[in-house]
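Each chain is listed here by its residues.
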Amino acid sequence: TTCSSWIERISSLVQPKQKTFTVSVEGNIGSGKTSFLRYIQANHDNITEVTEEPTDRWRNIQGHNALALMYEDPARWSLTFQTYVQLTMLQSHMAPQKKPIKMMERSIHSAKQCFVENLHNNGTMPDIEYIVLSEWYDYICAHDKVDVDIIVYLKTRPEVVLERIKKRHRNEEQTIPLEYLEQLHKLHEDWLGHQPNVLTLDANCDLIEMKTEIDKHIKTILCGLV
Ligand code: TTP
Ligand code: MG
């Protein structure tokens with residue numbers, strides 16, 4: 001779609017007098033969400049605020065590294081980990097907004113629709129744990145303001161993100177197999193493929209090319225405010 005038709009579509013999705021927006025950046029592990037957000041913040045700090053990268057919180061819960069525990073023994077620790085992810089995402093969604101556009105790395109929705117679904121699908125998370133998390137998620141969605149106006153989907157090939165994960169070398173993630181990234185990729189595709197408010201960007205390229213791609217779509221990404 002062209003930029004102008006995008007703006008039309010977005011205008012029809014948002015309230016006429018809407019002055020604040022939430023944009024979430026989604027995509028597989030290592031798809032470049034943090035780099036994307038850093039680039040936007042460096043260039044559009046006047047109208048955007050970026051919520052902190054939640055991964056840092058998951059690695060240090062009062063001294064406990066929940067991310068490491070989850071990868072070491074997923075059957076034991078996934079519920080703990082995903083419960084905490086859901087809490088930190090809810091906190092980001094609910095945080096008071098001072099600038100017109102709140103930009104989030106992920107959302108409560110991808111944590112549930114991609115990661116929790118995957119853990120349940122591949123037999124790591126038993127039904128009862130999945131049901132408890134799902135009831136929490138449904139309750140939150142029904143009662144709190146966790147909706148997102150625009151989703152930027154950084155679409156990648158699983159082979160590409162595996163290389164990046166190896167290169168950036170976050171200790172906890174070094175055992176992630178390609179198969180896991182393929183499962184997550186498919187869930188991102190299933191979830192984002194049918195939504196009207198998704199801007200999909202090819203994120204297989206390097207950062208320099210990515211910046212050109214972002215500049216090309218900046219009006220859409222920033223909800224028509226530039
Ligand atoms: P991501 O949320 O994908 O963040 P990232 O920093 O790896 O992405 P990018 O490179 O695009 O900036 O994943 C962070 C880690 O947390 C990763 O190891 C996957 C894990 N994770 C889960 O296990 N469950 C979840 O619900 C989420 C959101 C992440
Ligand atoms: Mg990141």
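See the structure shown above.
From a predicted model like this one, the values you see are computed outputs, not experimental measurements. Numbering of residues starts from 1 in every chain and runs along the sequence as written. As they are written, the chains are lettered A onward and the ligands numbered 1 onward, keeping that order. The predicted nature of this model means local features are confined to residues of pLDDT at least 70 and side-chain atom pairs, given and counted, to a pLDDT of 80 or more, with totals for whole chains, interfaces and linings taken over all residues. As a rule here, side-chain values cover all heavy atoms of the structure and leave hydrogens and water aside.

## Comments concerning the overall build of the protein chain
For the protein chain, the count of helices and strands is eleven helices and five strands. Reported as C-alpha extents along the three principal axes, the dimensions of the protein chain are approximately 50 × 40 × 35 Å. Only protein chains enter the area calculation, which uses a 1.4 Å probe; residues under 20% of their type maximum are buried, those over 50% are exposed, and those in between are partly exposed. For the protein chain, buried positions account for 48% of its 226 residues. Between two residues, a contact is recorded if the distance between any of their heavy atoms is within 4.5 Å. In the protein chain, of all internal contacts separated by at least 6 residues, the share reaching a separation of at least 24 is 77%. Per-residue and other accessible areas follow the Shrake-Rupley method at a 1.4 Å probe size, with only the shown protein chains counted as cover for residues. Per element, the accessible surface of the protein chain, about 11600 Å² overall, is 54% carbon and sulfur. All tallies of charge rest on Lys and Arg as positive and Asp and Glu as negative; His and the ends of each chain are not included. By convention, the charge on Lys lies at NZ, on Arg at CZ, on Asp at CG and on Glu at CD. Here the protein chain contributes 25 positive and 31 negative side-chain charges, whose respective centroids are spaced 6 Å apart. Starting at the N terminus, helices and strands are each numbered in turn, a helix being any DSSP run of H or I of at least four residues and a strand any DSSP run of E of at least two.

## Section: unusual backbone geometry
Unusually for a residue other than glycine, H169 sits at a positive phi of about 55°. Inspection of the secondary structure puts H169 in the loop between α8 (158–168) and α9 (178–192). With relative accessibility at 47%, the residue H169 sits in the partly exposed group. One non-glycine residue with positive phi stands out, namely C223, at about 55°. Tracing the chain through its elements places C223 in the segment after α11 (218–221). Relative accessible area serves as the criterion here: at 8%, C223 is assigned to the buried category.

## Brief notes about the packing of aromatic side chains
Put simply, two rings from Phe, Tyr or Trp (the six-membered ring, in Trp's case) pair if the centres are within 6.5 Å, and we call them stacked under 30 degrees between planes, edge-to-face over 60, tilted for the rest. Taken as a whole, this structure holds one aromatic pair when the rule is applied. Their ring planes at 85° and their centres at 5.6 Å tell us that W58 and F81 sit as a pair that is edge-to-face. With a gap of 23 residues between them, W58 in helix α3 (residues 55–58) and F81 in helix α5 (residues 74–94) connect regions that are remote in the sequence. In terms of burial, W58 and F81 fall into one category: buried.

## Here we look at the site of ligand 1
Only heavy atoms are used to decide nearness, and a residue is near a molecule or strand if one of them lies within 4 Å of it. Contacts to ligand 1 come from 23 residues, most closely from K33, Y71, R106, R168 and E173. Any pair of nitrogen or oxygen atoms within 3.5 Å is treated as a polar contact; in protein, a donor-acceptor pairing is required on top of that, and neighbouring residues in sequence qualify only through side-chain atoms on both sides. At 3.1 Å from an oxygen atom of ligand 1 is found a side-chain nitrogen or oxygen belonging to E105. Contacts to ligand 1 include R168, whose side-chain N or O atom sits 2.7 Å from an oxygen atom. Summarising the interface, the protein chains cover 98% of the accessible area of ligand 1, which totals 600 Å² for the free molecule. When residues of the shell around ligand 1 are traced back to their parent elements, those giving at least two are α2 (33–44), α3, α4 (66–72), α5 and α6 (108–121).

## Description of the side chain of Q82
With respect to the helices, strands and loops of the structure, Q82 is situated in helix α5. Given the relative accessible area of 5%, Q82 is considered buried. Once residues lying within four places of it in the same chain are set aside, the contact partners of Q82 are A111, F115, V116, L119, M125 and L133.

## Concerning the environment of T83
With respect to the secondary-structure elements, T83 resides in helix α5. Considering only alpha carbons, one finds T83 and Y137, 54 residues apart in sequence, at a separation of 9.8 Å. There is a polar contact of 2.6 Å between the side chain of T83 and the backbone oxygen of L79.

## Concerning the nonpolar core
Take the buried Ala, Val, Leu, Ile, Met, Phe, Trp, Tyr and Cys residues and link them wherever side-chain atoms come within 4.5 Å; each set so joined is a nonpolar core. Counting 32 residues, the largest nonpolar core has I29, Y71, F81, I108, Y180 and L181 as its most contacted members. Elements supplying a minimum of two residues to this core: α4, α5, α6, α7 (127–143), β4 (150–155), α8 and α9. When residues of this core are assigned to their parent elements, the largest contribution, six residues, is made by α9. Beyond its immediate chain neighbours, meaning those up to four positions away, Y180 contacts I29, Y71, F115 and N118. F21, L37, L201 and I221 belong to the second largest nonpolar core, which has 23 residues in total.

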